Amino acid sequence: MYDERHPGLRRRGFLAATSLGALALTTGCGTADGDSDAKSDGAPKPGGRLRAAFAGGGASETLDPHLANLFADVARAKALYDKLADYGADLSAQPRLATQWEPNKTLDRWQVTLREATFHDGKPVTAEDVLYSYRRIADPDQAFRAKASLEPIDLDASRATGQRSIEFVLKRPTAEFPNVLAAFGAYIVPAEATDFDKKPIGSGPFRFVSFAPGRSAVFRRHDAYWEGAPHLAELEFVVANEESARVNALLGGQVEYAHELNPTTARAHEGKGQIEIVRLRNSAMQAFCMKTDRPPFDDPRVRQAFFLIADRRELVDGALSGAGVVGNDLFGKGYEYYDDSLPQREQDLDKARALLRQAGAENLKVTLDTSAVAAGFTEAASIFRDQAAKAGVTIDVKTGSKDSYWADILDNGTLCCYRSGAMPIEAHISQRLLTGSTTNATKWRHKDFDALYEQAQSTRDESARAAVYDRMQRRLYTEGGFLIWGFADWILGTARTVRGVEAKAPANTLDWARFDKVWLA
Amino acid sequence: MSGLRSFVARRLLLGAAQTVAVVLLVFALTEALPGDAAVALAGDQPDPARIAAIRATMHLDEPAHDRLADWAAGLLHGDLGTSLVSGRPVGQYIADGFGPTLLLAALTLALLVPLGFGLGVFAARHEGRPADRLISSVTLAVYAVPEFALGVLLVTVLALQLAWLPPTAVGYGTDLLGHPAALVLPVLVLLARPVCSLSRLVRAGMIDALASPYVAQARRYGIPALRVHYTHALPGALAPAVQQLARTVDWLLCGVIVVEALFVIPGLGTVLLDAVAERDVPVVQGLAVVFGVLTVVINLGADLVAHRLAPRAGVAA
């Protein structure tokens, strides 16, 4: 009966939206219509406590930033800690604790310079703290989330070259090394820090006050923050796993910020003046994933036929309640290096049927794995089943366990529902589309594609690199295994007094859930 | 009295055996679930190497019987083990979740007993008259509404439209007594169905008792009606109601999941749901032990009370 809370709880991935098409947040003081944007609300007002409701992880929550897995974890980690870099609205790396990074000619040694910043106890952030943090994440006996992202760094060879400068030695040329510095969970903690739940010390905009796992975390303004002290005096994170509870708490004035709302909730309250709805466009990639190494999808014509079967608008309207935009079988709409020159794919059942005939796959029967693990998954599956039936393909929808879904579909089955949060296109490729990728759900393994990726990583010139990414994306567009039919909005609600919430910031990028820039009017 | 004592001893022994059986069953069932804590934690990053590493840090790679033996050995020292996910002691999880749940249960019970018995007796005394009919149909109607629907309805009307009460207890944590207004709606929702079942049971028992030969006899002796009602008829009508009450207490204590989720009250039900979702076996086992013991003790208490009220009915062990 309580299914709804699990998708939230289980959402152990990160979602984000892009700057493209994002709406300006309507925060007009006197006028309720959306003609003002966040910047035109006058001078920020200091003080006050903002309470933010997130779905959380219950009594097992921790403030260890390297264990951050849920949205609530990341929002808390972001308030207390900093990373060397973070993602901008287009998922490109932006300097944070690192002021600059400079590679050598071969792109396998990077000089990183830190800014002058202090931890909450007044000690400066040094190169040693950075190395300690990265070595902790990379500890072979642990399973911190950012471990895989830091893999390109040879931490034994890397060293501090000064109090605020580090030389990172890489195992291979990595043009996109700044993405590593911005990786999810790669937070900088003070050297030798081990206990994060009693009195965590970071260099972030807020300092620790109190924490009760699964209930509440209270933080206070860090006046000496290097980017300027936050406007808010205090910030409290509260945990409400039930979406209706988050909405009710917001409507009832118990919280001022509610994360992760349903499209139906958003429609019910949008423009009514009671609360503000913020839609982060192009957030979560929504896809069907075809295993390209086994029948029937080992034949590229079958994959092309499936690309043409999908009526993307109908999927977005039905499975996402219209809260999203259609996809074009490529990851990362609006992100850096996204190839938007390719024509938008449309449903073409005749051509799909012809392709299936050529492939000798008439009267095809396929099992589509789905699960209630993410919003819209089961709906998308049944809509696609009906669309496929029109092209003579019989789809048998199989609903699996939501707690082990992602592990189940990694190697098993042939066709499944899939989704992903925002990450740089480079990260999507390296994690999912190379022969050695650890989560290669489409089983896309092509030596020449791997070679293109390596080429991109050893290309210094940015436009030359973009050209290589374009080649990879065109290949995926014609015959890849991801049928990416849409990008879902990420929906937040705020009280009418809340100002400065960035509407262009995808979840997990720098400006998402960034409370040091928010104030209460 | 020695008969009673041996009855209690037998019941406690049986209860202990039942609790052990429940724990073993819980362990077996969690083992049988697809995926383990490592898979659940890895989520949408199911990198096999990462899952293996998580498994190793959690000692999930050890055989099931070793883990069960470790846990059972700890239990003998009063140690409920540590959470797989956070590494915190299970005892602390339960202690933290117990407060809110106990508070809700106690408040509900404090209102349930007078209300349920009062309504039942009142309806029985007016059997067949409009008051009885009204109580019967209202209790039947309310009983038919699921907690979740009732909760949503009450929140929408009383909290959001009329703004009389806070819609949730979010942010109050375990300090619910400091915010009594936040308790009103959860207690109302918890109260709604048990009041109905209890008052209907009391009404039926009372009507039966009033029609019984011993009440007729008492009336023939000219004992005043009120005394007949309350000292002769009522105790006989109470026995089944007390057992129903015990079941309600079980239900209240073992975490009323719907109410806790809807009103964001961090009680035992929330702890249980989170632990199951995360395959946090030690926490689930710890809760199973606690729930098992509670159920045994409360039902034993109820049987003793029923025995006292209606000795002739006998008590089944």
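Residues numbered from 1 in each chain as written. Chains lettered and ligands numbered in written order. Predicted model: local features only at pLDDT ≥ 70, side-chain atom pairs only at ≥ 80, totals over all residues. Heavy atoms only, no water.

Engineer: What's the story with the overall build of chain B in this structure? I'm lost.
Structural biologist: When helices and strands are counted, chain B shows 13 helices and zero strands. The helix and strand sequence of chain B, counted from the amino end, reads α-α-α-α-α-α-α-α-α-α-α-α-α. Structurally, chain B occupies a C-alpha span of about 85 × 60 × 35 Å along its principal axes. Restricting to contacts in chain B with at least 6 residues of sequence separation, those with at least 24 account for 73%. If you sum the accessible surface of chain B, you get close to 14,600 Å²; carbon and sulfur atoms cover 69% of it. (Helix = DSSP H or I, 4+ residues; strand = E, 2+ residues; numbered from the N terminus. Contact = heavy atoms within 4.5 Å. Areas by Shrake-Rupley, 256 points an atom, 1.4 Å probe, with all protein chains shown as cover.)

Engineer: How do you make sense of helix α3 (residues 127-138) of chain A when you look at a structure like this?
Structural biologist: Helical periodicity: at 3.6 residues per turn, an α-helix aligns residues three or four positions apart in one direction. All names here are of chain A. Over its twelve residues, α3 runs 17 Å from end to end, which matches the ideal 16 Å to within 8%, given 1.5 Å per residue. Burial analysis of α3 places nine of its twelve residues in the buried class, the great majority of the element. Buried within α3 we find A127, D129, V130, L131, Y132, S133, Y134, R136 and I137. Buried positions along α3 lie against β6 (109-114), β7 (159-162), β8 (165-169), α4 (177-181) and β9 (187-188). (Expected span 1.5 Å × (residues − 1). Buried < 20%, exposed > 50% of the residue type's maximum accessible area, 1.4 Å probe, protein only.)

Engineer: Please clarify how the interface of chain B and chain A should be interpreted in this entry.
Structural biologist: The interface of chain B with chain A comprises 43 residues on the first partner and 47 residues on the second. Surface buried jointly by chain B and chain A totals about 3,700 Å² across both partners, of which 58% is contributed by carbon and sulfur atoms. Applying the counting rule to chain B against chain A returns three salt bridges. Between R279(B) and D403(A) there is a salt bridge whose closest N-O contact spans 3.3 Å. (Buried area = accessible area lost by both parts, 1.4 Å probe. Salt bridge = Lys/Arg side-chain N within 4 Å of Asp/Glu carboxyl O.)

Engineer: Honestly, the packing of aromatic side chains in this entry has me stumped. Any pointers?
Structural biologist: Any two aromatic rings considered together are summarised by their centre-to-centre distance and by the angle between their planes. Per the stated rule, a full pass over the model turns up 24 aromatic pairs over all chains. Ring pairing ties together the aromatic residues F54(A), F219(A), F237(A), Y257(A) and F515(A), which thus form one cluster. Looking at R345(A), its charged tip hangs above the ring of Y477(A), at a distance of 4.0 Å from the centre. The ring of Y143(B) is capped by R193(B), whose NZ or CZ atom sits 4.5 Å from the centre of that ring. (Phe/Tyr/Trp six-rings, centres within 6.5 Å; stacked < 30°, edge-to-face > 60°. Lys NZ or Arg CZ within 6 Å of the ring centre and 35° of its normal.)

Engineer: What should I look at first to understand the UniProt feature "domain: Solute-binding protein family" (unreviewed entry) in chain A in this one?
Structural biologist: In the numbering used here, UniProt assigns the "domain: Solute-binding protein family" (unreviewed entry) feature to residues 94-422 of chain A. Secondary structure across residues 94-422 of chain A comprises 25% helix and 25% strand; the distance between its end C-alpha atoms is 15 Å. (UniProt positions renumbered as here; feature names shortened; annotations may be inferred.)

Engineer: Please explain the packing of helix α9 (residues 213-220) of chain B against helix α10 (residues 225-253) of chain B as it appears in this structure.
Structural biologist: How two helices sit against one another is set out by the angle between their axes and by the gap between those axes. All names here are of chain B. Contact geometry for α9 and α10: axes closest at 10 Å, N-to-C directions at 170°. It follows from the interaxial angle that α9 and α10 lie roughly antiparallel. The residues of α10 that touch α9, namely those facing Y214, V215, A218 and R219, are V228, H229, H232, A233 and G236. By residue class, the composition of the contact of α9 with α10 is five nonpolar, three polar and one charged. (Axes fitted to C-alpha atoms, helices over the stretch in contact; angles between N-to-C directions. Parallel < 35°, antiparallel > 145°, perpendicular 65-115°, else oblique. Nonpolar A, V, L, I, M, F, W, Y, C, P; charged D, E, K, R; others polar.)

Engineer: Mind showing me how you'd approach the sheet that holds strand β5 (residues 98-103) of chain A here?
Structural biologist: Adjacent strands of a sheet form backbone hydrogen bonds with each other and so pair up, either parallel or antiparallel. Residues and elements named next belong to chain A. Across the sheet, four strands lie side by side as β5-β6-β8-β7; this open sheet has antiparallel pairing. For this open sheet the edge positions go to β5 and β7, each flanked by a neighbour on one side alone. Averaged over all pairs of adjacent strands, the angle between strand axes in this sheet comes to 25°, irrespective of strand direction. (Pairing = 2+ DSSP bridges.)

Engineer: Looking at this structure, I do not really get the pattern of salt bridges. What am I missing?
Structural biologist: Residue and element names in this part refer to chain A. A complete count under the given rule lists 45 salt bridges over all chains for this structure. The salt bridge partner of R159 is E167, with a shortest N-O separation of 3.7 Å. Look at R159 and you get partly exposed, because its relative accessible area is 45%. Residues D223 and R221 are paired through a salt bridge, measuring 3.5 Å at the closest nitrogen-oxygen approach. One salt-bridge network, held together by shared partners, links R96, E227, D511, R514 and D516.

Engineer: Which parts of the structure should I look at to understand a nonpolar patch on the surface?
Structural biologist: A contiguous nonpolar surface patch, about 420 Å² in accessible area, is contributed by L153(B), V157(B), L162(B) and W164(B). In this structure, L153(B) sits in helix α7 (residues 147-161). (Patch = residues over 30% accessible without salt bridge, like charges linked within 9 Å, V, L, I, M, F, W, Y side chains within 5 Å.)

Engineer: Where do I start with the confidence of the model for chain A in this structure?
Structural biologist: As a general rule, the predicted coordinates of low-pLDDT regions are not to be interpreted in detail. Predicted confidence across chain A gives a mean pLDDT of 89, with 92% of residues reaching 70 or more. Predicted confidence is poor over residues 1-40 of chain A, with pLDDT under 50, and the contacts of this stretch with residues over four places away or in other chains come to 136 contacts. (pLDDT = per-residue confidence, 0-100.)

Engineer: Explain the UniProt feature "transmembrane region" (unreviewed entry) in chain B here, please?
Structural biologist: All names here are of chain B. The positions that UniProt labels "transmembrane region" (unreviewed entry) are, in the present scheme, residues 102-122, 134-164, 176-196, 251-277 and 283-302. This span, residues 102-122, is 100% helix and 0% strand, and a straight line between its end C-alpha atoms measures 30 Å. The annotated region residues 283-302 carries 100% helix and 0% strand content, and the separation between its end C-alpha atoms amounts to 28 Å.

Engineer: Which parts of the structure should I look at to understand the domain arrangement of chain A?
Structural biologist: Many structure descriptions define interface size as the accessible area lost when the parts assemble. Splitting chain A by domain gives domain 1 (17-80 + 204-256 + 497-520), domain 2 (85-188) and domain 3 (281-489). Each of domain 1 of chain A and domain 3 of chain A has a C-alpha centre, and the two are 33 Å apart. (Domains from an automatic or database assignment.)

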